[in-house]
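# Observations on the model geometry
Here's the letter readout for the chains.
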Number of protein chains: 2
Amino acid sequence: MGRKVAIIGCGMSKFGRRDDKDLMGLLVEASTRSLGDAGVGRKDIDAVYVASMLCGELTHQTAIASALADELLVLPAAAERIENGPASGASAVKNAYAAVASGLYETVLVTGGEKMRHAPGPIVTDLIATITHPTAEYVHGVTLPSLAGMLTRLYMQRYGLEPRHLALVAIKNHNNGLKNPYAHLHRKITLEGIYLEPEAKLNNPPVADPLRMYYCCPITDGAASVVITSAEKAKKFNDTPVTVAGIGHATDTLAVHEREDPAVLKAVQISSQRAFDMAKSEPKAIDVIELHDAFEILELAESEDAGFFEKGTAHKAVEEGVTELDGDLPINPSGGLKARGHPVGATGVAQIVELTWQLRGDAGERQVSGAEQAYALNFGGFGNNVVSFVLKRSD
Amino acid sequence: MGRKVAIIGCGMSKFGRRDDKDLMGLLVEASTRSLGDAGVGRKDIDAVYVASMLCGELTHQTAIASALADELLVLPAAAERIENGPASGASAVKNAYAAVASGLYETVLVTGGEKMRHAPGPIVTDLIATITHPTAEYVHGVTLPSLAGMLTRLYMQRYGLEPRHLALVAIKNHNNGLKNPYAHLHRKITLEGIYLEPEAKLNNPPVADPLRMYYCCPITDGAASVVITSAEKAKKFNDTPVTVAGIGHATDTLAVHEREDPAVLKAVQISSQRAFDMAKSEPKAIDVIELHDAFEILELAESEDAGFFEKGTAHKAVEEGVTELDGDLPINPSGGLKARGHPVGATGVAQIVELTWQLRGDAGERQVSGAEQAYALNFGGFGNNVVSFVLKRSD
């Protein structure tokens, strides 16, 4: 009903341990790159959306979108921050989409970022756990790794998943990350090193049984940014704009135990279906995918519930190499959260950046050849808030 | 360009010291009232926007929109939180507007809330100061009351404002608040009690010279909520929908000292002009106004820069009673932030609630008779992020 919307610019900061910059520095680094890539001037920007989950808690700064607008000299552009837990990035892109599609704005900058590595790990784990149910989960010590451990156990019991499959996903994503200059982890890992004993015992310590360190994403500093505008205007700026063809967003029960079947990610199913319906597309049409593998079990479960594999079979597809960069259905060419890293507010935007590069043919060594349609999934809560995108190479 | 959007329901929690409920309890209280007022069913809600500035810092809960969607049983509705400092509420309504106008959603719930009174005052003042410039203001001890004190001093030097005028604004707003059952402060105040010596010395202690306690809003717990939908659908639910006719949003420099003239609220001027342009209206057409009087000086300055009075003359209009409930241009019939209170994330939504009631003729004892057009201004940062609305009684 609204007008068509396209992505005309994208950029990222280097992800990793970024002691050299504060959060604002990272947001500016990514933003100036996406503005430069889009070729828009400062006066073209009508609004700035910032996605950040924990800027108040970890950086002691609020209303940070106003601060970014000031730093970028795009005043008097509108500015606001979107916080939606680990799905903050996709939520921000969605709202920017709606602002442009409605005609309220013409051109919008969306930048997601998080500065996390300066805080002690247990503090970060606790702050991320503030997305869980406050009385049914949080107060009992539930954390995101513990929920992911339980989901992994369910998959092992029900579908014959073995921890080896998680290792294979991690190895694939680390291999992809080696080809991504922006990735946090540039480290080749092997089954011998992280799975087969005796080395694995030392190299890959338990986090939340059966999850081990290499089956979880790292804590990362970083930012990612896109510039979006109306499809009509996009062609003036960019020869290869990418169309935001479908957006799906769905919630599920906050407490995981309230779900009929905790192994089924219902919000993934619904958000994915909604995105495909809006895009008039289907999983079969997708050439390249970015999923939210904060834990490697999630890449498998999401790829099933989003409609790419039958339930309980994704680990077999991984074993067969289907999701490798040169496989039939490449997943996380960027390295995913596992290797690119997971600066929480940045992640949903970084997924869109990677897919935009893929659809434009700008993904360098990790280019999926001939990609025409792409799918991204940003996963908030423990599956209680999920945003899916279908992007298309513009005609 | 997008389709027309209307407000079909609104509701508020009682504002005040609400030790009886946590933040979620307040959000639910306001939300169930607006859903009930709209007469929509749970399945009608496509998305939930929550405005909250400090839920992470003060309540240790993030991704709170997902939690509200769960509590209200509106799953699998989309959900996200908007944080834009003290302008969070209006930002959330703006994004809900865009989501409906673009056709992405049909019917959206917007609820703003904050739970603040359980925290020590200095902690709250510090957390609110995290909206100021981190290196040019915050680290030097700048707080919002200190900035408001300086603006007041400028007005005194330049325009002949006297503290007595601030007292008159406060007295007006307390009088209006007495007629608002949802207001935090139900307390009649007088010039004798808060301004004339010797009583004033005891009753109205200094906060940031020349500001005294009664020239500042209180710290408040509370929530406010609206339901919006397409104008087309609105008539099915409601005989008296209110049209969101204009929205303007503008930023200014983060650091106040960087402005050409710190007594001029440029973002107020621009956001107001944008809202009037979009609504094809003008200040003269407005019948009732809600302004962001976190400090009473702001009601005066905003009313000037938004276009209702010549610069430097609003205090004279107050003296003449123009802005009283029965004056020519009633400002803050709700009691404003001064008497209704200022649960930060709730405020921008509460302004829209009050004006919706005014335009529907549902404002009880504080009804401005025959109100057809209304204006709201939500003020973030110290004027660096401002959102204006023009609402109209639907035809």
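### A look at the overall build of chain A
Each helix and strand counted, chain A has 15 helices and 11 strands in total. Against the compact-globule benchmark of 21 Å for 395 residues, chain A has a radius of gyration of 19 Å, which places it among compact chains. Principal-axis analysis of the C-alpha atoms places the extent of chain A at approximately 60 × 45 × 40 Å. Out of the 395 residues belonging to chain A, those deemed buried represent 67%.

### Description of the confidence of the model for chain A
For chain A, mean pLDDT is 97; residues scoring 70 or higher make up 99% of the total. Overall fold confidence for the complex sits at a pTM of 0.98, while the interface term, ipTM, reaches 0.97.

### So, the nonpolar core
A:Val226, A:Phe389, B:Val226 and B:Phe389 are the most contacted members of the largest nonpolar core, which totals 96 residues. If we skip the residues at most four places from it in the chain, A:Phe389 touches A:Ala90, A:Val93, A:Lys94, A:Val244, A:Gly246, A:Ile247, A:Ala275, A:Ile352, A:Ala374, A:Tyr375 and A:Ala376.

### Here we look at the interface of chain A and chain B
Taken together, the contacts link 57 residues of chain A with 57 residues of chain B. When the two sides are added together, the surface that chain A and chain B hide from each other amounts to roughly 4400 Å², 52% of it contributed by carbon and sulfur. Where chain A meets chain B, there are four salt bridges. For the salt bridge of A:Lys94 with B:Glu80, the shortest nitrogen-to-oxygen distance reads 2.6 Å. Of all the secondary structure elements, the ones that give two or more residues to the side of chain A that touches chain B are helix 2 (55-59), helix 3 (64-71), strand 3 (78-83), helix 4 (88-101), helix 5 (121-128), strand 8 (242-251) and helix 11 (266-279) of chain A. If you tally residues by element for the side of chain A that touches chain B, the top one is helix 4 of chain A, at seven residues. Taken together, the residues of the side of chain A that touches chain B sort by class into 27 nonpolar, 19 polar and 11 charged.

### As for the pairing of strand 4 (residues 107-114) of chain A
By the criterion of burial, strand 4 of chain A is predominantly enclosed, with eight of the eight residues buried. Side-chain alternation along strand 4 of chain A places A:Thr107, A:Leu109, A:Thr111 and A:Gly113 on one buried face and A:Val108, A:Val110, A:Gly112 and A:Glu114 on a second face that is also buried.

### Examining helix 5 of chain A
Residues and elements named next belong to chain A. By the burial criterion, the buried members of helix 5 are Val124, Leu127 and Ile128. For helix 5, the arc enclosing every buried residue in end-on projection is 95 degrees, short of the 170-degree limit, so these residues lie on one face. Looking at the buried side of helix 5, the elements it contacts are helix 2, helix 6 (144-159) and helix 15 (344-360).

### Structural notes on the packing of helix 7 (residues 163-178) of chain A against helix 12 (residues 296-305) of chain A
All names here are of chain A. Close contact between helix 7 and helix 12 brings their axes to 8 Å; oriented N to C, the two are set at 95 degrees. Comparing the axis directions of helix 7 and helix 12 gives the class roughly perpendicular. In contact with Leu166, Val169, Ala170, Lys172 and Asn173 of helix 7, helix 12 contributes Glu296, Ile297, Glu299 and Leu300. Looking at the contact of helix 7 with helix 12, its residues break down into five nonpolar, one polar and three charged.

Each value, and the rule that gives it
Residue numbering note: each chain is counted from 1, following its sequence as written. All chains are assigned letters beginning with A, and all ligands numbers beginning with 1, in the order in which they are written. Only residues with pLDDT of at least 70 get local features here, since the model is predicted, and only at 80 or more are side-chain atom pairs given and counted; chain-wide, interface and lining totals rely on the full set of residues. Side-chain metrics rest on all non-hydrogen atoms present in the structure, leaving aside hydrogens and water. Elements are defined by DSSP. Helices are runs of H or I of four residues or more, strands are runs of E of two residues or more, and each kind is numbered from the N terminus. Only C-alpha atoms enter the radius of gyration, while the globule expectation follows 2.2 Å times N to the 0.38, with N the number of residues. Buried means the residue's accessible area, taken with a 1.4 Å probe over protein chains only, is under 20% of the maximum for its type, while exposed means over 50%, and partly exposed covers the values in between. pLDDT expresses, on a scale from 0 to 100, how confident the predictor is about each individual residue. Side-chain atoms within 4.5 Å are what join buried Ala, Val, Leu, Ile, Met, Phe, Trp, Tyr and Cys residues into a set we call a nonpolar core. Two residues form a contact once any of their heavy atoms are found within 4.5 Å. In short, buried area is how much 1.4 Å probe accessible area vanishes from two parts on joining, totalled over both. The salt bridge definition used is simple: a Lys or Arg side-chain nitrogen within 4 Å of an Asp or Glu carboxyl oxygen. Basically, the charged four are Asp, Glu, Lys and Arg, the nonpolar ten are Ala, Val, Leu, Ile, Met, Phe, Trp, Tyr, Cys and Pro, and anything else, Gly included, counts as polar. Taken from the helix axis, the directions to the C-beta atoms give the arc we talk about. For every element, the axis is a line fit to its C-alpha atoms; helices are fit only across the contacting stretch, and the angle between N-to-C directions ranges from 0 to 180 degrees. Any angle between 65 and 115 degrees counts as roughly perpendicular, while under 35 counts as roughly parallel, over 145 as roughly antiparallel, and the rest as oblique.

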